[in-house]
Amino acid sequence: MLDVIKLVKVNKSFGGLHVLKDVDLEVAEGEKLVIIGPSGSGKSTTVRCMNFLEEPTSGEVYINGELLTHKNKTQIVRSSIAMVFQQFNLYPHKTVLENLTLAPIKLQKVPKAEAEERAFKYLDIVGLREKANSYPTTLSGGQQQRVAIARALCSRAKIILFDEPTSALDPETVQEVLDVMIRLASEKNITMVIVTHEMGFARQVADRVIFMDDGRIIEQGPPEHFFTNPTEERTKAFLSKILR
């Protein structure tokens with residue numbers, strides 16, 4: 001199976017802080033990969049290096065077999081990758097519909113009518129068609145994150161990166177976002193890389209779970225093995241705290 005994402009000996013430093021340390025990682029086409037670990041372990045930085053929101057200090061990133069560089073990153077990322085952030089990143093002065101159609105119209109040159117048809121399709125998927133003409137500030141956090149997921153889908157990207165998409169949400173709205181992501185995970189042709197603290201969700205949707213600590217991948221495996229029979233002591237210690 002084709003590896004749509006490949007990281008080779010990726011290092012990332014911020015000043016004197018060495019955040020990623022020789023990270024090697026391959027993600028197969030259609031795979032649902034979940035990355036877990038303590039705060040500061042390098043999870044989000046790993047995902048942000050995949051689309052060059054953070055350029056590695058050293059090492060290589062390949063998307064669909066093509067090496068990402070400073071020169072070609074915009075073209076490759078726009079055509080292949082969408083991202084859902086912790087804080088939604090919606091334009092507050094634009095309606096939900098305008099948020100969803102902006103990139104297809106401006107960047108992909110999709111006709112407005114087609115872009116709006118696409119937007120309504122994905123608003124139906126996330127259950128928010130009736131909010132098309134609302135502004136983000138009038139929506140709950142969970143609704144805003146569902147809009148952000150719909151926006152990612154509107155790009156028609158085959159790779160979607162999720163950086164702790166429920167961490168900024170009220171506990172009552174977390175499940176509505178996870179339900180949308182669970183539905184999305186059933187799509188075989190979409191590759192998902194998800195940084196999350198939601199272990200139940202990871203068990204349910206992941207093809208593979210990766211545990212990171214101190215900038216390194218410590219352990220990985222299918223969820224049925226990872227959560228019941230981890231081999232590394234650091235993994236066991238982490239899971240014992242969060243699965244109590």
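Residues numbered from 1 in each chain as written. Predicted model: local features only at pLDDT ≥ 70, side-chain atom pairs only at ≥ 80, totals over all residues. Heavy atoms only, no water.

## Quick look at the side chain of Lys12
Reasoning step 1: Mapped onto the secondary structure, Lys12 falls in strand S1 (residues 3–14).
Reasoning step 2: By relative accessible area, which is 10% here, Lys12 ends up buried.
Reasoning step 3: Leave out the neighbours within four places in its chain, and Lys12 touches Leu17, His18, Val19, Leu20, Thr45, Cys49, Glu54, Glu55, Pro56 and Thr57. (Helix = DSSP H or I, 4+ residues; strand = E, 2+ residues; numbered from the N terminus. Buried < 20%, exposed > 50% of the residue type's maximum accessible area, 1.4 Å probe, protein only. Contact = heavy atoms within 4.5 Å.)

## As for the environment of Phe14
Reasoning step 1: Checked against the element boundaries, Phe14 lands in strand S1.
Reasoning step 2: Residues Phe14 and Thr57, spaced 43 residues apart in sequence, show a C-alpha to C-alpha distance of 8.8 Å.
Reasoning step 3: When near neighbours in sequence (up to four residues on either side) are disregarded, Phe14 contacts Val19, Thr45 and Glu54.

## A look at the sheet that holds strand S8 (residues 191–195)
Two orientations exist for strands paired in a sheet by backbone hydrogen bonds: parallel and antiparallel.
Reasoning step 1: With mixed pairing, 6 strands are arranged side by side in an open sheet as S6-S7-S8-S3-S9-S10. Among the strands making up the open sheet, the edge pair consists of strand S6 (81–84) and strand S10 (216–221). Pairwise comparison of adjacent strand axes, ignoring direction, gives a mean angle of 20° for this sheet.
Reasoning step 2: Two elements, strand S7 (residues 159–163) and S8, share 5 bridges in a ladder whose sense is parallel. Residue pairing across strands places Ile160 opposite Met192, the latter belonging to S8.
Reasoning step 3: Lying on the sheet, helix H2 (residues 73–80) is in contact with S6 and S7; it crosses S6 at an angle near 75°. (Pairing = 2+ DSSP bridges. Axes fitted to C-alpha atoms, helices over the stretch in contact; angles between N-to-C directions.)

## Quick notes on the nonpolar core
When a protein is soluble and globular, its nonpolar side chains tend to lie buried together.
Reasoning step 1: Grouped together as the largest cluster of nonpolar side chains are 48 residues, with contacts concentrated most on Ile36, Leu100, Leu123, Ile149, Ile160, Phe162 and Leu184.
Reasoning step 2: When sequence neighbours within four positions are dropped, the list of residues in contact with Leu100 reads Ala119, Leu123, Val147, Ala150, Arg151 and Cys154.
Reasoning step 3: With 28 residues, the next largest nonpolar core counts Val10, Phe52, Leu68 and Val193 among its residues. (Core = buried A, V, L, I, M, F, W, Y, C linked by side-chain atoms within 4.5 Å.)

## Some words on helix H4 (residues 112–125)
Reasoning step 1: With 14 residues, H4 should reach 20 Å at 1.5 Å per residue; the first-to-last C-alpha distance of 20 Å fits that figure.
Reasoning step 2: Of all the positions in H4, only Ala115, Arg118, Ala119, Tyr122 and Leu123 are classed as buried. Around the axis of H4, the buried residues are gathered within 135° of arc, so they sit on the same side. Away from its buried face by more than 90 degrees, H4 exposes Ala113 and Glu117.
Reasoning step 3: Contacts made by the buried residues of H4 are with helix H3 (96–106) and helix H5 (141–154).
Reasoning step 4: Gly127 sits one or two positions beyond H4 and adopts a positive phi of about 75°. (Expected span 1.5 Å × (residues − 1). Arc of directions from axis to C-beta.)

## Considering the side chain of Thr191
Reasoning step 1: Mapping Thr191 onto the fold places it in strand S8.
Reasoning step 2: A polar contact is formed between the side chain of Thr191 and the backbone nitrogen of Gly30, at a distance of 2.8 Å. (Polar contact = N/O pair within 3.5 Å; in protein donor to acceptor, adjacent residues only side chain to side chain.)

## A few points about the confidence of the model for the protein
Reasoning step 1: Overall, the prediction assigns the protein a mean pLDDT of 94, with 99% of residues at 70 or greater.
Reasoning step 2: Within the protein, the element-level pLDDT minimum falls on H2, averaging 91, and the maximum on strand S2 (residues 17–28), averaging 98. (pLDDT = per-residue confidence, 0-100.)

## Examining the packing of H3 against H5
Reasoning step 1: Axis separation between H3 and H5 bottoms out at 9 Å; the angle between their running directions is 25°. Between H3 and H5, the crossing angle belongs to the class labelled roughly parallel. Crossing handedness for the pair H3 and H5: right-handed. Touching Val96, Asn99, Leu100 and Pro104 of H3 are Val147, Ala150, Arg151 and Cys154, all from H5. (Parallel < 35°, antiparallel > 145°, perpendicular 65-115°, else oblique. Left-handed = near helix turned anticlockwise from the far one by under 90°.)

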